[in-house]
Amino acid sequence: MNTLPDIEFSEALIRRFDKLGPRYTSYPTADRFHAEFTEGSYFQYLEQRATPGRENPPLSIYIHVPFCESLCYFCGCNKIITQDHSRTTEYLRYLAKEMALVAARIGPDRRTAQLHFGGGTPTFLSPDELRELMALLRSHFEFLPDAELSIEIDPRTVNDDTMAMLAELGFNRTSFGVQDFDPAVQQSVNRIQPYEMVEKAVSASRKAGFESINADLIYGLPKQSVASFNRTLDRVIELAPERIALYNYAHLPSRFKAQRLIVEADLPSAEERLQIFLMSVRRLLDEGYIYIGLDHFSKPDDELNKARLDKSLHRNFQGYTTRADCDLIGFGVSAIGKVGHSYSQSVRTVNAYYEHLDANRLPIEKGFALSADDVLRRQVIMELMCSGPVEFAAINQQHGIDFLSYFADELAQLQQYEEAELIQVDTHRITVTPKGRMFVRAVGMVFDSYLAQQTHAKYSKLI
């Protein structure tokens, strides 16, 4: 066992409590979204923000750029594989139409604290197109002086000039898809990017003045072993990113066609995968990284860790964030939004996306309107996911309930986690212990009222 003041790391407990469950980037989770939530539903929540005298949270904006030049076999993102860069011209034109439709309904309060470009490959867009898109965003939304502007980067698509241009446009955070540096692993998933290529892109980011750099890693890929991934960590630690995301590869070839190109016999066994995870966590903790929460690590002086310590950490569809709970506006195919007590998701194909906007309709495919009980449970689950104490008095006051009686059944179900010293429960609060910080998904599941209802989703293991 490796022990730090804020986390206790136990292999025995991981083996005991590792099970399937949601990742809780939202509650209710996205598999509960339904088609009864329509464009009209979304408009109602947008227009609520425009109510005179209403105090609105700031906005967080997500832009989905679906295009990629090549196919990564492990990828489960919504993407379009093409070498034809002219396709982005049309896509930007429709993004402009979508933004205009939203802006017409949302009212004048468009203070924006966060922007994230995801994909696909956002840097599939040319420099001129990125400038055009940022100008379009700034024409509709007021970015706060300390706004966090982040972009996902495929190191194969950028150079020094690209990173300088992104910084010039206002981007101050970036996330590099590293996954693994082992050549055999890269070959098996069709993503060849030598260490030198990634190191050059990271150096260019620092030279351009990016405040924070994240590296995405994936364990459980074909050809991986404890020894090979340990070598990858050696190189990642050399890069010294401020943040590291350590994701568990979910092999779902029935859902993601690209994964059918992976040779299943090359995948590490369940035991090998667990050992890769255990080794990785030990290494990162020993190197001084702090465990923020599900998948996420950061350096001690990074804003994520500061937010964890002062209990201002939040969680949304992009993972953990330092920003207060924002209304999320999503643009582009398959983009997810959260406005008020609602979630929405756009159609998944560009043809459907274009058809909706040609008819001057927002491309909403499905969503969810939260009940008062959903809002209450969301708060409890998200506070647990951020390892913060769940203070009964504050929740009672906000929601007009008596926590002990309202959640009597759930409190009884928590006994196994309390006996394992993962949480402490008294008449005032639920506290996540250092030993329990890796198991907050399991604790949160106790408060999920939808888990007993059938869903099409296949959840990942908690660890």
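Structure: see above.
In what follows, the accompanying structure is described. The structure displayed is predicted, hence computed values, not measured ones.

**Some words on the overall build of the chain**
Phase 1 of the analysis: Across its full length, the chain holds 17 helices and 23 strands.
Phase 2 of the analysis: By the compact-globule yardstick of 23 Å for 463 residues, the chain fits well, its C-alpha radius of gyration being 22 Å.
Phase 3 of the analysis: Expressed as a percentage of the 463 residues in the chain, the buried residues total 58%.
Phase 4 of the analysis: Looking at the chain alone, contacts between residues at least 24 apart form 73% of all its contacts between residues at least 6 apart.
Phase 5 of the analysis: With an accessible surface of roughly 19,200 Å², the chain has 50% of that area assigned to carbon and sulfur atoms.
Phase 6 of the analysis: Separation between the mean location of the 50 positive side-chain charges and that of the 62 negative ones in the chain comes to 2 Å.

**Observations regarding the pattern of salt bridges**
Phase 1 of the analysis: Per the stated rule, a full pass over the model turns up 26 salt bridges.
Phase 2 of the analysis: Across the pair Glu238 and Arg235 runs a salt bridge whose closest N-O atoms are separated by 3.4 Å. Residue Glu238 and its partner Arg235 are both found in helix α8 (residues 226-239); the two are separated by 3 residues, about one turn of the helix.
Phase 3 of the analysis: Among the charged side chains, a network of salt bridges with common partners joins Glu11, Arg15, Glu271 and Arg282.

**Description of the sheet that holds strand β22 (residues 429-432)**
Phase 1 of the analysis: Taken in spatial order, the 3 strands make up an open sheet running β20-β22-β21, and their pairing is antiparallel. Every other strand in the sheet has two partners, leaving β20 (390-391) and β21 (423-425) as the edge strands with one partner each.

Each value, and the rule that gives it
Residues numbered from 1 in each chain as written. Predicted model: local features only at pLDDT ≥ 70, side-chain atom pairs only at ≥ 80, totals over all residues. Heavy atoms only, no water. Helix = DSSP H or I, 4+ residues; strand = E, 2+ residues; numbered from the N terminus. Rg over C-alpha atoms; globule rule 2.2 N^0.38 Å. Buried < 20%, exposed > 50% of the residue type's maximum accessible area, 1.4 Å probe, protein only. Contact = heavy atoms within 4.5 Å. Areas by Shrake-Rupley, 256 points an atom, 1.4 Å probe, with all protein chains shown as cover. Lys, Arg positive; Asp, Glu negative; His and termini not counted. Charge placed at Lys NZ, Arg CZ, Asp CG, Glu CD. Salt bridge = Lys/Arg side-chain N within 4 Å of Asp/Glu carboxyl O. Pairing = 2+ DSSP bridges.

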